[in-house]
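Architecture and fold: a report
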Amino acid sequence: MKLRSSYLGIILLLPALAVMLAFVVFPTIWGVVMSMTNASLVGIGAAHPRFIGLNNYISLLRDSRFYHSLSVTVIFTVFSALIGQVALGLALALLMRRKDIKGKSVIATAVFISWVIPEVVAGYMWGSYASREGLLNLIIKALRLDRLGIEPTNWLFYKPLETITIANVWRGTAFSMILFSAALESIPNFLYEASSLDGASSWDRFRYITLPLLAPAILTDLILITIWTFSVFTMPFIMTGGGPGTRSELWTIYIYRQALLPPYEIGYAAAAATLMFLFTLVLIVAYITVLKRGWG
Amino acid sequence: MIMKSKSYLIGLLLSLLFIASSLCLGYLYAHPQKRVLRICYGEPWKIPTEDAIKEFKAKFPDVEVKAEMIPYGVDIVAKESADFAAGVAADVVLVDSFMIPEYAEAGYLAPLDKLVAAWPDWKYYSLPMRRIVSYKGHVYGIMFDTDVRMIWYRKDVFKEAGLPVPWQPKTWDDILKAALTIKKKVKGIFPIYIPAGTKWGEATTMQGFYMLLLGADKPPRNRLYDYKTGKWIGKSPALLRAFKFYYDIYVKYKLAPTEFNFVPDVWGTWRRTFGPDRLIGMALGGSWEWGEAWGPKGIAPVPDRDKVVGFAKMPGWSGGAHGEPKWVTVSGGWAWTIYSKSKVKDLAWEFLKIVNERDRVAKYAAAFGKVAPRLDAAKVPEYAKNSYLMAILEYLKFTDFRDAMPGYSKVSYFIQETTEKIVLEGMTPEKALDYFYSKMVKTFGKDKVEVIPLGS
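Conventions adopted
- Residues numbered from 1 in each chain as written.
- Chains lettered and ligands numbered in written order.
- Predicted model: local features only at pLDDT ≥ 70, side-chain atom pairs only at ≥ 80, totals over all residues.
- Helix = DSSP H or I, 4+ residues; strand = E, 2+ residues; numbered from the N terminus.
- Buried ≥ 20, exposed ≤ 12 C-beta atoms within 10 Å, placed from the backbone.
- Contact = placed C-beta atoms within 7 Å.
- Domains from an automatic or database assignment.
- Pairing = 2+ DSSP bridges.
- Axes fitted to C-alpha atoms, helices over the stretch in contact; angles between N-to-C directions.
- Right-handed = clockwise from strand over helix to strand, strands pointing away.
- Core = buried A, V, L, I, M, F, W, Y, C linked by C-beta atoms within 7 Å.
- Nonpolar A, V, L, I, M, F, W, Y, C, P; charged D, E, K, R; others polar.
- Parallel < 35°, antiparallel > 145°, perpendicular 65-115°, else oblique.
- Left-handed = near helix turned anticlockwise from the far one by under 90°.
- pLDDT = per-residue confidence, 0-100.

Observations regarding the overall build of chain A
For chain A, the helix and strand inventory stands at 14 helices and 0 strands. Its helices and strands in sequence order give chain A the pattern α-α-α-α-α-α-α-α-α-α-α-α-α-α, from N to C terminus. Reported as C-alpha extents along the three principal axes, the dimensions of chain A are approximately 75 × 70 × 30 Å. Relative to its 296 residues, chain A shows a buried fraction of 33%. Put simply, 70% of the contacts in chain A that link residues at least 6 apart link residues at least 24 apart.

As structure tokens, then:
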């Protein structure tokens with residue numbers, strides 16, 4: 001009887017499986033295959049691509065621009081995902097639970113809108129907002145922030161990495177907030193009541209009750225956010241295009257530029273993408289190992 | 001037990017039905033019953049193309065026409081290249097002519113030799129216009145428009161700086177002196193702007209670099225490719241001179257707006273800041289800007305354009321005194337092509353004949369300030385009456401073309417990267433030349449890259 005129902009389950013899953021195979025598994029394998037050729041978008045490399053083994057990988061590992069994009073991506077991910085979205089998402093989720101905060105719906109709406117606006121639109125919005133004549137500079141001037149050393153400037157030109165990081169935090173925090181809100185709901189109230197009877201401060205409550213019980217949610221959030229932030233492309237591409245020069249060139253933008261701008265080298269870009277895939281895989285395994293051990 | 005095996009069967013049937021119907025619909029979508037003609041073009045050519053589509057539909061009512069317009073803001077070359085490479089390009093594609101050699105080499109374009117030989121209009125296309133669309137002796141496209149490049153300048157800014165209007169510099173020194181005068185006399189303005197960097201893409205190479213390179217030395221030393229030896233030129237006095245000009249205006253004298261080369265929308269910013277915002281004194285730009293950017297129906301219209309916007313010929317570095325060309329301009333343009341894998345090549349050719357009709361080409365050129373590639377365009381009154389087009393007709397006498405040999409897009413990219421290093425990092429002209437040379441050698445190999453000794 002058990003065997004029969006699992007057969008049924010598999011059969012019903014077939015369409016979804018077919019889609020996964022066609023659009024996820026096959027392209028990944030095909031990408032790895034292409035990474036070992038000199039396939040190109042135009043020219044001879046397009047008509048007659050040749051197998052060149054691991055040459056692309058060797059060139060990649062010798063390319064300083066590749067390492068530069070790696071470091072930009074790591075900085076971007078650490079600040080945007082870890083420090084920004086997870087911490088901010090948690091803080092907002094905690095904030096939303098308090099009964100004495102006015103304007104909660106305004107905050108919630110603002111957070112959600114940033115999430116649902118299409119990325120291209122959001123990118124151009126930030127392009128306008130952070131420009132020399134944009135709203136951000138007007139605010140800075142109005143609040144006289146130059147007293148704190150913040151001068152109005154062309155943010156996308158002089159501080160490209162900082163600006164795309166903040167824009168990404170702005171965009172992605174909603175997800176963490178929702179995840180943590182749900183997780184917080186599941187913490188039974190009597191634990192807090194009992195602890196306050198024992199004289200625990202709100203910081204103690206956070207540290208000894210909330211945080212440990214949230215550990216699985218934090219782990220999940222970290223993994224998901226890291227993977228997503230590692231593959232962020234659209235908004236930063238529109239805002240700075242990886243520039244000026246390569247100052248804000250994320251891994252994804254580096255790959256795009258190798259493939260779709262001269263030199264149009266698809267094989268090389270596929271090699272970079274494969275390395276990115278492996279790197280992300282290693283990260284996830286590391287996460288799960290370290291955090292599982294830590295939280296027991 | 002019977003119930004369970006029934007649901008097992010139903011489940012199996014449903015899944016297979018779902019997969020089968022998806023495959024069927026997919027097949028039908030890819031192989032429609034009616035004949036379909038897909039046409040891909042960029043937004044700047046929207047008006048004449050849609051006009052031609054109407055005429056085509058009237059002539060061939062049984063054909064379904066799919067107009068695939070690439071909007072402003074999207075990199076047309078990247079999109080079309082990706083479509084070709086993925087095998088999903090439209091039947092008819094309007095391409096930037098410099099890509100024709102590389103597209104042809106990749107086998108993306110259908111040769112049109114037999115078709116143009118039987119087309120009576122082909123005789124109105126001059127030799128240069130035929131050369132641009134040819135590769136290894138075969139014709140792969142029909143030029144729809146062409147253009148020239150010049151120095152655009154603001155007459156009001158020049159008057160304020162006490163410079164003569166109309167203005168026609170004879171040497172690069174004249175240009176530099178005028179820019180320095182503007183810097184001293186007119187505040188809040190960037191005296192000069194030349195596109196630089198990779199964000200501008202091919203525009204850096206065409207509107208910026210080639211305009212300098214072609215006037216930087218005696219031919220044929222003033223090019224990127226040596227047609228006698230079949231090699232790319234990676235180091236030359238001309239290249240050094242051109243890089244030096246970038247260095248002078250961006251780094252040494254700080255006359256040009258570095259930032260404008262890196263904004264999200266480089267085209268829009270350039271057109272606005274030269275036009276309505278009046279933030280630039282003079283710039284190297286294309287002839288289409290007159291209508292497409294600052295005209296009454298343009299993207300950034302300038303109210304008193306005729307009074308305020310002037311243009312001058314770009315001189316050779318010493319005005320021809322050292323054997324270089326006296327005047328410099330370079331032409332490009334866009335061409336209609338047929339996808340090699342198209343299943344409706346006959347319909348595609350019919351469309352090409354319609355869209356390239358003399359009156360359509362001439363009227364479009366007149367309206368947008370483009371140069372018509374057909375010699376008989378002058379017979380069309382709108383074109384002949386256009387005083388701007390008549391004024392730039394003389395530019396066609398000394399125009400030149402880029403060295404669009406296969407591999408050109410990479411060379412162009414290295415030029416863009418090198419100018420980017422100069423304006424962003426202040427790289428000196430000598431170091432910039434070495435940087436460019438090293439990239440060329442790395443890509444093409446030392447034996448395919450020529451050096452013209454400096455000081456020769």
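Okay, back to it.
Some words on the domain arrangement of chain B
All names here are of chain B. If you check the domain split of chain B, you get domain 1 (36–147 + 332–385) and domain 2 (149–330 + 404–451). Centre-to-centre, using C-alpha coordinates, domain 1 lies 28 Å away from domain 2. If you list the elements that add at least two residues to the side of domain 1 that touches domain 2, you get helix 4 (100–105) and helix 15 (358–368). Looking at the side of domain 1 that touches domain 2 element by element, the count peaks at 3 residues for helix 4.

As for the sheet that holds strand 7 (residues 149–154) of chain B
All names here are of chain B. Across the sheet, 4 strands lie side by side as 8-11-7-12; this open sheet has mixed pairing. Looking along the sheet, the strands with just one partner apiece sit at the ends: strand 8 (190–193) and strand 12 (309–312). Put simply, the sheet's adjacent strands are angled 25 degrees from each other on average, direction ignored. Pairing of strand 7 with strand 12 involves 4 bridges; the strand directions are antiparallel. By the bridge assignment, W152 is partnered in strand 12 with F311. Docked against the sheet, helix 9 (residues 202–213) engages strand 7 and strand 11 (280–286), running at close to 95 degrees with respect to strand 11.

Details of the pairing of strand 2 (residues 64–70) of chain B
Residue and element names in this part refer to chain B. Bridge count for strand 1 (residues 36–42) against strand 2 is 7 bridges, and the pairing is parallel. Bridged to L37 within strand 2 is V65. Considered for its hand, the β-α-β crossover made up of strand 1, helix 2 (residues 46–59) and strand 2 is right-handed.

A closer look at the nonpolar core
One finds V92, Y103, I192, Y246, F351 and A365 of chain B to be the most contacted residues of the largest nonpolar core, which totals 184 residues. By residue number, the principal contributor to this core is helix 10 (residues 237–252) of chain B, which donates 9 residues. Looking at which domains feed residues into this core, each of domain 1 (36–147 + 332–385) and domain 2 (149–330 + 404–451) of chain B gives three or more. Excluding its chain neighbours within four sequence positions, the residues that come into contact with V92 of chain B are I39, C40, W336, I338, A348, F351 and L352 of chain B. Ranked by size, the runner-up nonpolar core spans 13 residues in total, among them A81, A174, L179 and F180 of chain A.

Structural notes on the interface of chain B and chain A
Contact with chain B, which involves 29 residues of that partner, is made by 29 residues of chain A. Elements with a contribution of two residues or more to the side of chain B that touches chain A: helix 1 (2–30), helix 3 (76–86), helix 4 and helix 18 (408–425) of chain B. Considering every element that reaches the side of chain B that touches chain A, the biggest residue donor is helix 1 of chain B, with 8 residues. Along the lines of polarity and charge, the residues of the side of chain B that touches chain A split into 15 nonpolar, 7 polar and 7 charged.

Focus: the pairing of strand 11 of chain B
All names here are of chain B. Most of strand 11 is tucked away: 7 of the 7 residues are buried. Summarising the sheet, strand 7 and strand 11 pair through 5 bridges and their orientation is antiparallel. Within strand 11, the position partnered with I151 by the bridge is L284. Both strand 8 and strand 11 contribute to a ladder of 3 bridges, which runs parallel. Bridged to Y193 within strand 11 is A283.

Digging into helix 11 (residues 266–274) of chain B
Burial in helix 11 of chain B covers these residues: T269, W270, R271, T273 and F274 of chain B. Packing partners of the buried residues in helix 11 of chain B comprise strand 7, strand 11 and helix 12 (289–292) of chain B.

Some remarks on the packing of helix 2 of chain B against helix 14 (residues 345–355) of chain B
All names here are of chain B. Running from amino to carboxyl end, helix 2 crosses helix 14 at an angle of 120 degrees, the nearest separation of the two axes being 9 Å. Taken together, the axes of helix 2 and helix 14 are oblique relative to one another. In this structure, helix 2 crosses over helix 14, and the sense of that crossing is right-handed. Across the interface between the two elements, P48, T49, A52, E55 and F56 of helix 2 pack against E350, F351, I354 and V355 of helix 14.

Some points on unusual backbone geometry
Residue and element names in this part refer to chain B. Of note, the bond from V165 into P166 is cis; its omega dihedral lies within 30 degrees of zero at 0 degrees. Note on placement: P166 falls in the loop between helix 7 (155–160) and helix 8 (172–185). Geometrically, the link from P219 to P220 is a cis peptide bond, its omega value of 0 degrees lying close to zero. Structurally, the position occupied by P220 is in the loop between helix 9 and strand 9 (225–226). Residues other than glycine seldom take positive phi values, yet R278 does so here, at roughly 50 degrees.

Let's talk about the confidence of the model for chain B
A residue-level look at chain B finds 99% of positions with pLDDT of 70 or above and a mean pLDDT of 92. Model confidence for the complex is summarised by a pTM of 0.83, with the ipTM given as 0.78.

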